[in-house]
Amino acid sequence: MKLLTVARFGLLLTVVLLAGCATSRGPQPAPAYPGFDLWQYPGDAAVAAWRADSPYRWIGYYLPAPCHRDTSWAGTRPTLDRLGWGTAVLYVGQQTFESEPESRPEDGPILCSRTLLTDEQGRTDARDAVAKALAEGFPAGTILFLNVEKSTRPSEAMRTYHLVWTMEVLAEGRYLPGTYAHRENAAPLFDAALAAFQAAGRSETPPFWVAGGSGFTLERAPSDVGLPFATVWQGVLDAERSWGNVSLHVDENVAARPSPSAPLRDAGGEQ
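Computed from a predicted structure; not experimentally measured.

Would you mind showing me how to read the packing of helix H5 (residues 156-172) against helix H6 (residues 186-199) here?
The relative placement of two packed helices comes down to the angle between their axes together with the axis-to-axis distance. Two elements in contact, H5 and H6, have axes whose closest approach is 10 Å; the angle formed by their N-to-C orientations is 30°. In this view, H5 runs roughly parallel relative to H6, as classed from their interaxial angle. Viewed along their axes, H5 and H6 form a crossing whose handedness is right-handed. Only Leu189, Ala192, Ala193, Ala196 and Phe197 of H6 make contact with H5, whose side of the interface consists of Arg159, His162, Leu163, Thr166, Met167 and Leu170. Taken together, the residues that form the contact of H5 with H6 break down as eight nonpolar, two polar and one charged.

Help me understand the state of the cysteines, please; the structure alone is not making it clear to me.
Each disulfide is one covalent bond, formed between the sulfur atoms of two cysteines. On inspection of all chains with the given rule, the structure shows one disulfide. Here Cys67 pairs with Cys112 through a disulfide, and the sulfurs are 2.0 Å apart. Looking down the S-S bond of the Cys67 and Cys112 bridge, the torsion is 105°, so its handedness is right-handed. Of this pair, Cys67 sits in the loop between strand E2 (58-62) and helix H3 (77-83) while Cys112 sits in the loop between strand E3 (86-91) and helix H4 (119-135), placing them 45 residues apart in sequence. Cys112 gets classed as buried once you look at its relative accessible area, which sits at 2%.

Would you explain the pairing of strand E8 (residues 246-255) in this entry?
The side chains of a regular strand alternate, residue by residue, between the two faces of the sheet. Taking burial as the measure, the 10 residues of E8 include seven buried ones, the bulk of the element. Judged from the five bridges that link them, strand E1 (residues 33-37) and E8 form a sheet pairing that is antiparallel. Paired with Pro34 across the strands is Val254, a residue of E8. The pairing of strand E7 (residues 230-243) with E8 spans nine bridges and is classified as antiparallel. Bridged to Glu240 within E8 is His249. Here E7 folds back onto E8, and the loop between the two strands holds two residues, one of which, Gly244, carries a positive phi near 60°.

Any chance you could explain H5 here in plain terms?
Two residues of an α-helix separated by three or four positions point the same way, owing to the 3.6 residues in each turn. Relative to the 24 Å expected for 17 residues at 1.5 Å per residue, H5 spans 24 Å between its end C-alpha atoms, a close match to the ideal helical length. Of all the positions in H5, only Met158, Tyr161, His162, Val164, Trp165, Thr166, Glu168, Val169 and Leu170 are classed as buried. Taken together, the buried residues of H5 touch E3, H4, strand E4 (143-147), strand E5 (176-182) and H6. Phi turns positive, to about 95°, at Gly173, one or two residues after H5.

It is not clear to me how the environment of Asp70 should be interpreted in this structure. Could you clarify?
Following the sequence through the fold, Asp70 ends up in the loop between E2 and H3. Overall, Asp70 belongs to the buried group, its relative accessible area being 19%. Separated by 30 residues in sequence, Asp70 and Gln40 have C-alpha atoms that sit 7.2 Å apart. Setting aside chain neighbours within four positions, we find Asp70 in contact with Trp39, Gln40 and Pro64. Within polar-contact distance, the side chain of Asp70 engages the side chain of Ser72 at 2.6 Å.

Help me understand the packing of aromatic side chains, please; the structure alone is not making it clear to me.
Here a ring pair, both rings aromatic, is described through the centre-centre distance and the interplanar angle of the planes. Considering all chains together, one arrives at 16 aromatic pairs under this definition. Between Tyr61 and Trp73 the ring centres are 5.8 Å apart and the planes differ by 50°, which places this aromatic pair in the tilted class. Highlighted residues: Tyr61 in strand E2 and Trp73 in the loop between E2 and H3, separated in sequence by 12 residues. Just as Tyr61 is buried, Trp73 falls in that class too. Members of the aromatic cluster, joined through ring pairs, are Phe36, Trp50, Tyr56 and Trp85. The ring of Trp85 carries Arg51 above its face, with NZ or CZ at 5.6 Å from the centroid.

Explanation requested: the side chain of His68 in the structure shown.
Relative to the helices and strands, His68 resides in the loop between E2 and H3. What makes His68 buried here is its relative accessible area of 0%. Within the structure, the side chain of His68 is placed 3.3 Å from the backbone oxygen of Trp39, a separation counted as a polar contact. Filtering out sequence-adjacent residues up to four positions away, His68 remains in contact with Trp39, Tyr62, Leu63 and Val92.

Would you take a moment to explain the confidence of the model for the protein chain for this structure?
Atomic detail in the predicted coordinates should be set aside for any region of low pLDDT. Across the protein chain, the average pLDDT comes to 87, with 83% of residues at 70 or higher. Every residue in residues 267-271 is under pLDDT 50, and counting partners more than four places away or in other chains gives 11 contacts.

I tried to follow the pattern of salt bridges on my own but got confused; where do I start?
Side-chain pairs of opposite charge can arise whenever the charged atoms involved come near each other. A complete count under the given rule lists nine salt bridges for this structure. One salt bridge in this structure joins Glu156 and Arg159, with 2.4 Å as the shortest N-O distance. Of this pair, Glu156 and Arg159 both sit in helix H5, separated by three residues, roughly a single helical turn. Judged by relative accessible area, Glu156 falls into the exposed class, the value being 52%. Taking relative accessible area as the criterion, Arg159 reaches 24% and is therefore assigned partly exposed.

Rules of the game
- Residues numbered from 1 in each chain as written.
- Predicted model: local features only at pLDDT ≥ 70, side-chain atom pairs only at ≥ 80, totals over all residues.
- Heavy atoms only, no water.
- Axes fitted to C-alpha atoms, helices over the stretch in contact; angles between N-to-C directions.
- Helix = DSSP H or I, 4+ residues; strand = E, 2+ residues; numbered from the N terminus.
- Parallel < 35°, antiparallel > 145°, perpendicular 65-115°, else oblique.
- Left-handed = near helix turned anticlockwise from the far one by under 90°.
- Contact = heavy atoms within 4.5 Å.
- Nonpolar A, V, L, I, M, F, W, Y, C, P; charged D, E, K, R; others polar.
- Disulfide = S-S within 2.5 Å.
- Buried < 20%, exposed > 50% of the residue type's maximum accessible area, 1.4 Å probe, protein only.
- Pairing = 2+ DSSP bridges.
- Expected span 1.5 Å × (residues − 1).
- Polar contact = N/O pair within 3.5 Å; in protein donor to acceptor, adjacent residues only side chain to side chain.
- Phe/Tyr/Trp six-rings, centres within 6.5 Å; stacked < 30°, edge-to-face > 60°.
- Lys NZ or Arg CZ within 6 Å of the ring centre and 35° of its normal.
- pLDDT = per-residue confidence, 0-100.
- Salt bridge = Lys/Arg side-chain N within 4 Å of Asp/Glu carboxyl O.

In structure tokens, the structure reads:
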């Protein structure tokens, strides 16, 4: 009986010591998965070299869109999947163009303009984003990030366009709407997106890709941008980086998941 009591005491002591060790380590750092994005597809050889030698785990994937009419990314998803790249899918819709000129073609219809920040255009562009993602073969549940460029504060027209775009993607049902925004204008857009998600009966937190902030490194968590809802942080713009003897000018990011646009169920639930 005494031996049994000693044995039990020894087991209890071991458990206590192990618990103490776990407590002494403190909270574990939030995960950070580095990624990059650039306006045009850099080519199969470049993405293969960078996948082998760079620290990045995912790539920004630009869908053809009103304010991003370059189509170089179209059709590259099978190559990126085969190489093991994660993706963050971007749709560059209408903008306020606060600090840059509007995109106006010499002839033909105007496709990208602050004058198109309307309810109707928000619905049209949302359906276009879904159609373009389907054409690229992205699976159901993929997160589509609507690109909202920096402004002092989002105009009423931009807030309406962003909200309608978000609601329309939710209503269509195949994909999940996310937002790319600057740290200076992300908070009001997040509040609107959260209201749209709740009105649609969705339990997910709206995915947000936030640009700006200070103190960025590839090891920092996205929320370190200073906004707790950030799931991706873009902290470096147009930096020349060289990996595998291939140099590119890229924007650097960190994400909470290795593939920011992957369906949430593929990452074990909500972010």
